[in-house]
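Notes for the structure review
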Amino acid sequence: MNEDIARIFEEFATLLELTGANGFRVNAHTKVARVLEGLTVDVGGLAQDDGAMKALEAIDGIGKSSAQKIIEFINQGEVAELAALRASVPAGLRDVMKVPGLGPKTVRRLWQEADIESLGDLESAIEDGRLEALPRMGRKTVDNIRASIEFMKTAGDRRRLGTAMPIAEGLVAMMQTVPGVRKVAYAGSVRRGQETIGDLDILVTTDDPAAASEAFQTQAGVTKILVAGDTKSSVRLEDGIQVDLRVVPGEVWGAALLYFTGSKDHNVALRERAIGRGFRLNEYGLFPDDGESGPPQQRGVTAIASVTEADIYQALDLPWIPPELRVDRGEFDLEVPEDLITVEAIRAELHSHTTASDGRLTIDELAVAARGAGRTVLAITDHSRSSPQANGLDETRLRDHIEAIHEADARIDGIRLLAGSEVDIHIDGSLDYSDDVLAMLDVVVASPHASLRQDPEAATARLCAAARHPLVSIIGHPTGRLIGTRKGLEPDFEQLIAAANEGGTALEINSNPYRLDLRDIHVRAAVDAGCLISINTDAHRGEHLDFIRYGVMTGRRGRLRIPGCINAWPEEQLLEWLARNR
Ligand code: DGT
Ligand code: CA
Ligand code: CA
Ligand code: ZN
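What you see is a predicted model; the values in this text were computed from it and never measured.

**Looking at the packing of aromatic side chains**
- Under the counting rule described, the total for this entry stands at four aromatic pairs.
- Ring geometry for Phe547 and Tyr550: centres 6.4 Å apart, planes at 40 degrees, overall tilted.
- When the ring centre of Phe12 is taken as origin, the NZ or CZ atom of Lys69, which lies over that ring, is 4.5 Å away.
- Positioned over the ring face of Trp577 is Arg580, at 4.3 Å from the centre of the ring.

Written out as structure tokens, the structure reads:
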């Protein structure tokens, strides 16, 4: 409930800004949203009691009018003032707001000064030069807006892995409860751990296909049935995501799973390999080629392999290839690493935030959460001073914080706490703390946060300088991209990897599903060049520690092995490495 109400206040703030309300009112609403997100009590419960107003107003940051809005929302399901605000703003401006880089302030100007009320209006204003003619606009800003619109369109309707994976798991769990169902799995891009997902593909084998299809089509959350067959159904769920269900006979499970897992390119390469060996491969199995055309299973040809994926790979002289490696980048000719990185192998979290900067947990709370999540080492790396929006620490606060972390480490059992910092990499590659200060820390994660539209040469120089710095342990989210909304830096990776190798610095895979930065292909390039990788969650809350699986899948897609991932090293080895230049 708190999250829902927080969204309401965020929308309030946005609409107020759009309609030109004063900054004080806007900020008051943003602040309430932040407060609600951080609360441990449910305001939904509070608001139903008699003393609701009092209880809500007692919360730091919530005033009388906010309390009234919360109560109104709980009781009526809406807030009249918000509905009125919504009505006063053209509906099309919502799409304009979605353009990466366009905040409410700019959108208000576009609306007021150039009559832009929709994305279409914006595009025509760009094309006919009207936008550029506005005061304080200029060619460069307009070019950026044009590029953002383009980027938004190509990003299209795909979901982040972090959104799609939990839905896929929920669907599998639900289908497992349907009578008659023997096996269920998700296939497709989710199984391969791709950073974005077009649609979900679920496979079942069952004694009662009709019941399985029925349960699938009538499950909670379906907004539209797109296909309603016996062996193939397809539905749209509430958030718009499409899910395909395939009901397959148990004896072809492996062939179907292989086929529907893809990637398409991997499948094509596999089929060609089959043909080269005198076979035919399809979603029903691997068949001997009898020279006839048409699907072999329909002519009664018996499959050589079909029950498991491994059977099929084996018949094609291949080891079973983990789904993340099915990318058609030479996986048939490379050995499948036996020590490919896994979630279980991760022992250390080396990038995390507490209430000292913009995290939600105290040092102690985060330590307990990390220990509970199976980590044995936790580096606390709050933001450096140049990040005022993230409450970055100046040197005085940092010194106190380091002491507090070491004190907590002495007190808390079962996990080793390291005092670190996530230090901003300035636009010119210099760092946000002096070397004297950096030398006091156990771990330094250096990350780019601002100026993420630098040209590639400048970005390369900036990141390489940080990677060569002897006191930097890890380059955090190297590009700063946000999937689908921000392109981030585009450095020359060959040079960055070389600089990291020179400095003995690890490059991060930031596991946050909005980031996944490094991305898979860059991990692969780094791994091939022998560069060390660090997989971190950048946890700002306890739940964020679970993001690790997305980072690990990205690492696996880059063929990252356990010895190349510093988070998987034994504690001694890790500590020695971190201390090497300090
Ligand atoms: P997505 O949904 O866009 O994130 O990506 P996928 O990989 O899940 O693609 P999807 O859902 O269209 O199809 C699932 C799998 O089915 C795909 O990875 C491979 C297989 N597949 C689909 N269409 C074809 C095809 O035309 N040829 C081959 N060989 N395989 C296909
Ligand atoms: Ca799919
Ligand atoms: Ca599909
Ligand atoms: Zn961070």
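**Looking at the coordination of the zinc ion (ligand 4)**
- For the zinc ion (ligand 4), the full set of protein donor atoms is His351 (NE2), His353 (NE2), Glu422 (OE) and Asp538 (OD), and the range of their distances to it is 2.1 to 2.2 Å.
- Taken in chain order, the donor set of the zinc ion (ligand 4) reads H-x1-H-x68-E-x115-D. Separated by 187 residues along the polypeptide, His351 in the loop between β10 (348–349) and α18 (363–372) and Asp538 in the loop between β16 (533–536) and α24 (548–557) bring together distant segments of the chain. This pair shows no difference in class: His351 is buried, exactly as Asp538 is.

**Topic: the nonpolar core**
- Counting residues in each nonpolar core, the largest one holds 59 residues, and the members touching the most others are Ile341, Leu417, Ile475, Leu507, Ile533 and Ile535.
- In this structure Ile533 touches Ala506, Leu507, Ile509, Leu518, Val523, Ala526, Val527, Leu560, Gly564, Cys565, Ile566 and Asn567, once residues within four positions along its chain are discounted.

**Points about the environment of Ala67**
- By the secondary structure assignment, Ala67 is in helix α5 (residues 64–76).
- Spatially, the C-alpha atoms of Ala67 and Glu57 are 6.2 Å apart, while their sequence positions differ by ten residues.

**Focus on the side chain of Glu324**
- With respect to the helices and strands, the residue Glu324 is situated in the loop between α17 (309–315) and β10.
- The exposure class of Glu324 is buried, given its relative accessible area of 7%.
- At 2.9 Å, the side chain of Glu324 and the side chain of Arg556 are in polar contact.
- If we ignore the near neighbours within four places in the chain, the residues touching Glu324 are Arg192, Met553, Arg556 and Arg557.

**Observations concerning the pattern of salt bridges**
- This model, assessed by the stated rule, comprises 38 salt bridges.
- As a salt-bridge pair, Lys98 and Asp95 come within 3.8 Å of each other at their nearest N and O atoms.
- Among the residues examined, Lys98 registers a relative accessible area of 57% and is labelled exposed.
- Residue Asp95 is classed as partly exposed on the basis of its relative accessible area, which comes to 36%.
- With a closest N to O distance of 3.9 Å, Arg385 and Glu395 form a salt bridge.

**Some details on the site of ligand 1**
- Near ligand 1 lie 16 residues; those nearest to it are Arg158, Ser189, Arg192, Gly198 and Asp199.
- A distance of 3.5 Å separates a nitrogen atom of ligand 1 from a polar side-chain atom of Tyr259.
- Residue Arg271 places a side-chain N or O atom 3.3 Å away from a nitrogen atom belonging to ligand 1.
- Protein contacts shield 73% of the accessible area of ligand 1, which totals 590 Å² for the unbound molecule.
- Counting residues per element, the ones that place at least two in the shell around ligand 1 are α13 (188–191), α15 (253–261) and α16 (264–276).
- Grouping the constituent residues of the shell around ligand 1 by class yields three nonpolar, seven polar and six charged.
- No fewer than three residues from each of domain 3 (159–247) and domain 4 (252–325) sit in the shell around ligand 1.

Basis of the calculations
- Residues numbered from 1 in each chain as written.
- Chains lettered and ligands numbered in written order.
- Predicted model: local features only at pLDDT ≥ 70, side-chain atom pairs only at ≥ 80, totals over all residues.
- Heavy atoms only, no water.
- Phe/Tyr/Trp six-rings, centres within 6.5 Å; stacked < 30°, edge-to-face > 60°.
- Lys NZ or Arg CZ within 6 Å of the ring centre and 35° of its normal.
- Donors = N, O, S within 2.8 Å, 3.2 Å for Na, K, Ca; no water.
- Helix = DSSP H or I, 4+ residues; strand = E, 2+ residues; numbered from the N terminus.
- Buried < 20%, exposed > 50% of the residue type's maximum accessible area, 1.4 Å probe, protein only.
- Core = buried A, V, L, I, M, F, W, Y, C linked by side-chain atoms within 4.5 Å.
- Contact = heavy atoms within 4.5 Å.
- Polar contact = N/O pair within 3.5 Å; in protein donor to acceptor, adjacent residues only side chain to side chain.
- Salt bridge = Lys/Arg side-chain N within 4 Å of Asp/Glu carboxyl O.
- Near = heavy atom within 4 Å.
- Areas by Shrake-Rupley, 256 points an atom, 1.4 Å probe, with all protein chains shown as cover.
- Nonpolar A, V, L, I, M, F, W, Y, C, P; charged D, E, K, R; others polar.
- Domains from an automatic or database assignment.

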